[in-house]
Amino acid sequence: MNLNFNFNKLNRLLKSFYQLTNIKIAIFDINYNEVISYPLNNCKFCSLIQNDKNGYKKCMMSNKKAFEHCLKTDELYTYTCHANLIESMINLKIDDTIVGFIMFGQVTNIKNKEDRFNKIKNHNFIIDNITKEMVDEIAYVDDEKLISVSTILIALAKYTISEKFISIKQEKFINELNDFIIKNIDNASLNVYDFTRYFNMSKTTFYTTMDKYIGKGIARYLKEKRIERAKELLVNTNKSLNEISSLVGFNDYNYFCKVFKEEVKQSAVQYRKSVRTNWSELFIL
């Protein structure tokens with residue numbers, strides 16, 4: 001899946017979360033690869049675990065199990081990892097497509113540091129060199145804070161997608177294409193070279209991208225957008241057909257009328273009349 005990540009905004013978002021909670025947070029793609037995290041490094045305990053061959057393997061298996069769970073549900077998944085630490089994860093979804101995961105972890109709910117050290121060390125007895133200092137460093141969360149932080153994670157997941165910090169490249173291209181067309185729709189001389197300059201693409205790359213993401217050429221797509229805008233103006237304004245043809249990039253009024261009838265299967269005058277008549281009947285009802 002071709003995704004676009006706004007790393008600057010994502011980093012600021014994750015950093016803010018960490019500064020408020022002192023809990024590591026990370027985003028993974030749909031293939032379970034870490035995309036970005038804050039802080040970049042793991043805590044000393046988790047670094048020690050992952051530097052061990054068997055420990056690393058268990059970490060990956062624990063993560064994989066959580067990812068697979070979140071592929072089946074949109075709900076937050078909170079669990080205890082193989083090393084006896086608490087982690088929480090939720091999927092990231094664009095429309096109905098899961099594009100990745102956001103999670104926090106490397107925390108414990110064992111408040112007493114002596115108990116924490118004994119339980120974690122005993123749980124990971126095969127790992128040498130676990131010290132009390134590195135276990136003491138693990139972030140502590142009680143049940144109330146865990147609920148609060150989990151609620152924030154859910155909000156961040158929605159915000160990350162709604163603000164398009166992560167987007168499907170296809171969606172990004174289409175949105176930028178449509179924005180450019182709307183801003184320049186009255187330009188009758190708009191051509192493929194204007195688009196290639198805007199996207200900083202070669203002509204061949206632009207045609208390939210149009211075919212891949214839109215399924216049609218730019219000339220055809222631009223004509224559809226011009227007629228789409230003309231329909232809006234016919235319905236929502238009292239502008240003359242001559243004015244509208246100019247506003248949507250047709251210098252030749254007669255050609256506009258011809259193209260409109262070919263695309264809509266009725267003349268511009270008939271379209272305006274029929275839509276407004278239908279609206280009037282609807283309001284009367």
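Read on for a plain summary of the structure.

Rules of the game
- Residues numbered from 1 in each chain as written.
- Predicted model: local features only at pLDDT ≥ 70, side-chain atom pairs only at ≥ 80, totals over all residues.
- Heavy atoms only, no water.
- Helix = DSSP H or I, 4+ residues; strand = E, 2+ residues; numbered from the N terminus.
- Rg over C-alpha atoms; globule rule 2.2 N^0.38 Å.
- Buried < 20%, exposed > 50% of the residue type's maximum accessible area, 1.4 Å probe, protein only.
- Contact = heavy atoms within 4.5 Å.
- Areas by Shrake-Rupley, 256 points an atom, 1.4 Å probe, with all protein chains shown as cover.
- Pairing = 2+ DSSP bridges.
- Arc of directions from axis to C-beta.
- 1 Å grid on protein atoms, 1.4 Å probe; cavity = no way out; pocket = protein on both sides within 12 Å on 5 of 7 lines; lining within 4 Å.
- Points joined across faces, edges and corners; volume = space filled by probe spheres on them.
- Nonpolar A, V, L, I, M, F, W, Y, C, P; charged D, E, K, R; others polar.
- Phe/Tyr/Trp six-rings, centres within 6.5 Å; stacked < 30°, edge-to-face > 60°.
- Axes fitted to C-alpha atoms, helices over the stretch in contact; angles between N-to-C directions.
- Parallel < 35°, antiparallel > 145°, perpendicular 65-115°, else oblique.
- Left-handed = near helix turned anticlockwise from the far one by under 90°.
- Polar contact = N/O pair within 3.5 Å; in protein donor to acceptor, adjacent residues only side chain to side chain.

Turning next to the overall build of the protein. Looking only at helices and strands, one finds 13 helices and eight strands in the protein. Since a compact globule built from 285 residues should have a radius of gyration of about 19 Å, the 28 Å found for the protein marks it as more spread out than a globular shape. Overall, the protein is about 85 × 50 × 30 Å in size when its C-alpha atoms are taken along their principal axes. Counting every position in the protein, which comprises 285 residues, the buried fraction comes to 42%. The long-range fraction of contacts in the protein, counting pairs at least 24 apart against all pairs at least 6 apart in sequence, stands at 58%. When the accessible surface of the protein is totalled, it reaches about 16500 Å², and 49% of it is carbon and sulfur.

All right, on to the pairing of strand β6 (residues 97-108) then. The buried fraction of β6 is high, at 11 of 12 residues. By the bridge criterion, six bridges tie strand β2 (residues 24-29) to β6 in an arrangement that is antiparallel. In the sheet register, Lys24 faces β6, and the bridge partner there is Gly105. Alignment of strand β5 (residues 86-94) against β6, held across eight bridges, turns out to be antiparallel. Directly across from Leu92, in β6, lies its bridge partner Gly100. Linking β5 back to β6 in an antiparallel pair, the connection comprises two residues, with Asp95 at a positive phi of about 55 degrees. Bridge analysis of β6 against strand β7 (residues 139-140) gives two bridges, and the strand direction is parallel. Across the sheet, the residue bridging to Thr108 is Tyr140, located in β7.

Before going further, it helps to examine helix α2 (residues 44-51). Taken residue by residue, α2 has Phe45, Cys46, Leu48 and Ile49 as its buried positions. For α2, the buried positions fall inside an angular range of 155 degrees around the axis, keeping them on one side. Buried residues along α2 sit against α3 (53-72), β6, α4 (113-123) and α5 (132-136).

Sizing a probe to match a water molecule and rolling it over the atoms shows the empty space that remains. Of the pockets and cavities examined, the largest pocket occupies roughly 470 Å³. It is α3 that provides the largest number of residues to the lining of the largest pocket, a total of seven residues. Classifying every residue of the lining of the largest pocket gives 17 nonpolar, nine polar and four charged. Roughly 250 Å³ of volume is contained in the second largest pocket. Looking at the second largest pocket, it is lined by 15 residues, and the ones nearest its centre are Leu190, Ala219, Leu222, Lys223 and Arg226. Of all elements in the fold, only α8 (192-199) and α10 (218-236) reach the threshold of two or more residues within the lining of the second largest pocket.

A few words on the packing of aromatic side chains. Under the criterion given, the structure shown has 21 aromatic pairs. For the pair Phe250 and Tyr255, a centre-to-centre distance of 5.8 Å together with 50 degrees between the ring planes defines the contact as tilted. Residue classification places Tyr255 among the partly exposed residues on the basis of a relative accessible area of 41%. Relative to Tyr271, the ring of Phe260 has its centre 5.8 Å away and its plane inclined at 70 degrees; by these criteria the two rings are edge-to-face. Here Phe260, found in helix α12 (residues 253-264), pairs with Tyr271, found in helix α13 (residues 268-284); they are 11 residues apart in sequence, far enough to count as distant. Tyr271 sits in the buried class, given a relative accessible area of 14%. Pairwise contacts between aromatic rings join Phe173, Phe180, Phe195, Tyr198, Phe199, Phe206 and Tyr213 into one cluster.

Moving on to the packing of helix α7 (residues 169-183) against α8. For the pair α7 and α8, the least separation of the axes is 11 Å and the interaxial angle reads 125 degrees. Relative to α8, the element α7 is oriented oblique. Relative to α8, the crossing made by α7 is right-handed. Seen from α7, the contacting residues are Phe173, Glu176, Leu177, Phe180 and Ile181; seen from α8, they are Asp194, Phe195, Tyr198 and Phe199.

Below, the discussion takes up the side chain of Ser167. For Ser167, the location among the structural elements is in strand β8 (residues 166-168). A residue is classified by how much of its surface remains accessible, and Ser167, at 4% relative accessible area, is buried. If we skip the residues at most four places from it in the chain, Ser167 touches Asn2, Leu3, Asn4, Ile94 and Lys172.

This part takes up α8. Buried within α8 we find Val192, Asp194, Phe195, Thr196 and Phe199. Contact partners of the buried residues in α8: α7, α9 (203-213) and α10. The residue sitting at the N-terminus of α8 and contributing the capping side-chain oxygen is Asn191; that oxygen lies 2.8 Å from the backbone nitrogen of Tyr193. Within two residues after α8, Asn200 carries a phi angle of roughly 55 degrees, on the positive side.

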